[in-house]
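Here are the chains, one letter per residue:
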Amino acid sequence: MFDTNIVNDPETVHSEINNSSQIVIKDLWKVFGRDSKRVLGRKYKVLSKDEIQEKTGCVIGLREINLEIKKGEFYILMGLSGSGKSTLIRNLIRLVKPTSGSIKINGKNLTKMNHEKLLKFRRQTFGMVFQHYGLFPHLTVLDNAAYGLKVRGISKEDRYTKAREVLETVGLKGWEDYHPGSLSGGMQQRVGLARALANDPEILLMDEPFSGLDPLIKRQMQDELIELQDKMQKTIIFVTHDLHEALKLGDRIAILRNGETVQVGTPEEIVTQPADDYVQDFVRDASPAKVITAGTIMEPAKIILYAWEGPKTALTLLRNNKRRAAFIVDKSHKLLGVAREDKLEELVNKPEKVGKIPASALRRVPSVGPDTILEDMFSIVTKNQYPVPVVDKNNRFLGVVTTDQIFESITPTEGEGNV
Amino acid sequence: MFKFPEVVTIPLAKGIDFIMSWLLIHLDGFFDAIGFIILQVVVGFEALFLFLPWFVIIPLAGLAGWKLVGKCKTGLVFMILMFLIGSFGYWELSMRTLSLVVASVFFSLLIGIPMGINMARSDKTEAILKPVLDGMQTMPSFVYLIPALMFFGMGKVPAMFATIIYAVPPVIRLTNVGIRTVDVEAVEASKAFGATAKQVLFDVQLPLAKPAIMVGINQTTMMALAMVVIGSMIGAKGLGMEVLLAINRIEVGKGFEAGLSIVFLAIIVDRITFSFSEKKQ
């Protein structure tokens, strides 16, 4: 649907569309204060934030932001208060007007739109969730959830049907006729989420949505959001100052400081290769066990046995490598289990000839996916004498993770950790 | 003691006098038209309040006290107060005063609420309007009562005019403050869904500012009630004129009766209008 729009729209610049990027932010500046454009002149542009403020009275909100966000990505904007993260998310929907630079969403330049087009674009594209919920206290939960549809001019009946649907999705069935004031914080934010989702937006903007909630509710909401996102696959831009939240939720994280991006990367990159001291400070108490995945530390198994080659070959292979057990796979490289030396010997010594090693002779072991974080593997490791096999969705054998590898990767490297 | 140099004079008085006489000559028809409209509204309300007999209005006041203010007892007190006014012999005059108040509040809201909305939307408008509102509230009323007389002649219309000038600032101010203090995120949420300025105003800002606006309406009503007494000096019939006559004749008791009638009216009107501002959710 959008592709045809793009072709006919004069605002589209074809050459600059990167197919995989839904949102492209280029050289974005936001300066607060009088006559803010002059700060962008050559004279001031190079100065630091404090110097500019002293000389012109203008405050830099955002400085030369360049970001690309992919469709369906869970993108985190992280920073301390005053780092410009909330300003940036408001620029994306133009609740705050950028001073210069461009924001392209689906190839359309948001910064060049007139007011009417902008309103239409907001209605079609965005849903937004706010830190303090931003609910309408004079409306019922149902009317709150239906508000975006009301703005679009959809009939009462249709919008109530849709609103009931999303309220059920966020677990608020039965609360439709209450006012938001009589709901708890967590439930109010569910209303906020339902309101944003009712429009079925392509892009979901979330401005510190969970930072006002108490820890247990917060964790629960995060888990539910992950679950929802698995189903929806929307582009989510999520502002937070909480590193753990960022690492848990984000596909990619952009860290902001004083209105500038300091580092952009996956949670793992941020934790393992912080770009500078600021990021290092941020991630100091982040547990690597929460971000490092099995896929990154796994190694190829020393030996692999093939079920169709028969017990004798397997036994020889084991003995040659001085091993007591090894993983065994079938022809399509699917993991079958662990074959032990004694069991193989039994098979070989049997009077009748055994061609293929039968499943009954193997021991089934728990496996993990490449995306499993180390923390989730602790319980497996402690109950299991073998290394943990890593398999893909089709149960194909990818590699192994040993206890030693796990502990090695979660122990801070000497020197670096003490900066 | 230093005297201010006499050479430095700004002939503001002369200028204003000149403008006044110019307006009187050239915009005579315009003021007549305004006067006519205002008069129609007052006469309409007056006809209504004088048409309804006392045995209808007293129970109505009681019902308002019971249902709106909340307690059965309040309704009873309202009825007693109204009954007392009647027993003083001021029923008709108090109804005339009431219609003057209601008519001036009607015009004050017609002007005040849109003005307050505009004030909330632009810092510049706010900066300009604030001193004007200060002036309207603190300028001794006689200063504009006389020009009003010159434009509209004696009677109800100049009294209404002066009342509106005096009574409109609170509703403007509180509409402005009410809208400005609406939860920022609620407004942002509405905008984020692509709501137009009008949708934001009617869906979010006005409903959330309603308690503040209601306080403004209550204040405007009270000030209008205070002002109609002065209005009686330029020929608007009502309780105020009775107070004036009593003072001139040094009839202390009569003055108190008329004065108390105004107070009773004020209490009833205040409680009823205030009840709107604290509407329970």
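Predicted model only: the values in this text are computed from it and were never measured. (Residues numbered from 1 in each chain as written. Chains lettered and ligands numbered in written order. Predicted model: local features only at pLDDT ≥ 70, side-chain atom pairs only at ≥ 80, totals over all residues. Heavy atoms only, no water.)

1. A word on the sheet that holds strand β11 (residues 304-306) of chain A
Residues and elements named next belong to chain A. The strand order β11-β12-β13 describes an open sheet built from three strands, whose pairing is mixed. Of all the strands in the sheet, just β11 and β13 (335-340) have a single pairing partner and so form its edges. Direction aside, neighbouring strands of the sheet carry axes that sit 40 degrees apart on average. Relative to β13, strand β12 (residues 325-329) runs antiparallel, the two sharing five bridges. Across the sheet, Val-329 pairs through a bridge with Leu-335, a residue of β13. Lying on the sheet, helix α15 (residues 310-320) is in contact with β11, β12 and β13; it crosses β11 at an angle near 165 degrees. (Pairing = 2+ DSSP bridges. Helix = DSSP H or I, 4+ residues; strand = E, 2+ residues; numbered from the N terminus. Axes fitted to C-alpha atoms, helices over the stretch in contact; angles between N-to-C directions. Contact = heavy atoms within 4.5 Å.)

2. Concerning the confidence of the model for chain A
Parts of the prediction with low pLDDT should not have their coordinates interpreted in detail. Per-residue confidence for chain A gives a mean pLDDT of 84, with 94% of residues at or over 70. Note on residues 1-18 of chain A: pLDDT under 50 across the span, and 22 contacts to partners over four residues away in sequence or across chains. (pLDDT = per-residue confidence, 0-100.)

3. Notes on unusual backbone geometry
Residue and element names in this part refer to chain A. Of note, Glu-64 is a non-glycine position whose phi angle comes to about 50 degrees, a positive value. One can find Glu-64 in strand β2 (residues 59-70). Given the relative accessible area of 45%, Glu-64 is considered partly exposed. With a phi angle near 55 degrees, Lys-322 is a residue other than glycine that sits in the positive phi range. Mapped onto the elements, Lys-322 comes out in the loop between α15 and β12. Of the residues examined, Lys-322 reaches a relative accessible area of 78% and is grouped as exposed. (Buried < 20%, exposed > 50% of the residue type's maximum accessible area, 1.4 Å probe, protein only.)

4. Section: the packing of aromatic side chains
Tallying each qualifying case throughout the model produces 17 aromatic pairs over all chains. Residues Tyr-147 of chain A and Phe-193 of chain B carry aromatic rings whose centres are separated by 6.2 Å and whose planes lie at 75 degrees to one another, so their mutual orientation is edge-to-face. Within this pair, whereas Tyr-147 of chain A is found in helix α7 (residues 147-151), its partner Phe-193 of chain B is found in the loop between α9 (184-192) and α10 (197-231), the two belonging to separate chains. Residue classification places Tyr-147 of chain A among the buried residues on the basis of a relative accessible area of 1%. Residue Phe-193 of chain B is classed as buried on the basis of its relative accessible area of 2%. Geometrically, the ring pair formed by Trp-175 of chain A and Tyr-178 of chain A is tilted, given 4.8 Å between the ring centres and 50 degrees between the ring planes. The rings of Phe-30, Phe-31, Phe-151, Phe-152 and Phe-161 of chain B are connected pair by pair, giving a single aromatic cluster. (Phe/Tyr/Trp six-rings, centres within 6.5 Å; stacked < 30°, edge-to-face > 60°.)

5. A short note on helix α6 (residues 123-138) of chain B
An α-helical turn contains 3.6 residues, so any two residues separated by three or four positions project in the same direction. Residue and element names in this part refer to chain B. The first and last C-alpha atoms of α6 sit 23 Å apart over 16 residues, in line with the 22 Å expected at 1.5 Å per residue. Inspection of α6 places Glu-126, Leu-129, Leu-133 and Met-136 among the buried residues, and these make up the whole buried set. Tucked inside the fold, the buried residues of α6 contact α5 (91-121), α7 (141-152) and α8 (156-180). A distance of 3.2 Å separates the backbone nitrogen of Lys-124 from a side-chain oxygen at the start of α6, and that oxygen is part of Ser-122. (Expected span 1.5 Å × (residues − 1). Polar contact = N/O pair within 3.5 Å; in protein donor to acceptor, adjacent residues only side chain to side chain.)

6. Quick word on the pattern of salt bridges
Residue and element names in this part refer to chain B. Under the definition given, this model contains 26 salt bridges over all chains. Across the salt bridge formed by Arg-180 and Asp-123, the nearest N and O atoms sit 3.0 Å from each other. Of this pair, Arg-180 sits in helix α8 while Asp-123 sits in helix α6, placing them 57 residues apart in sequence. Residue Asp-123 is classed as exposed on the basis of its relative accessible area, which comes to 55%. Between Glu-126 and Arg-180 there is a salt bridge; the shortest N-O distance is 3.4 Å. Residue Glu-126 is located in helix α6, and its partner Arg-180 is located in helix α8; the two are separated by 54 residues in the primary sequence. Its relative accessible area of 16% is what places Glu-126 among the buried residues. Residue Arg-180 is classed as partly exposed on the basis of its relative accessible area of 33%. What you see here is one network of salt bridges that share partners, running through Glu-46, Glu-92, Arg-96 and Lys-156. (Salt bridge = Lys/Arg side-chain N within 4 Å of Asp/Glu carboxyl O.)

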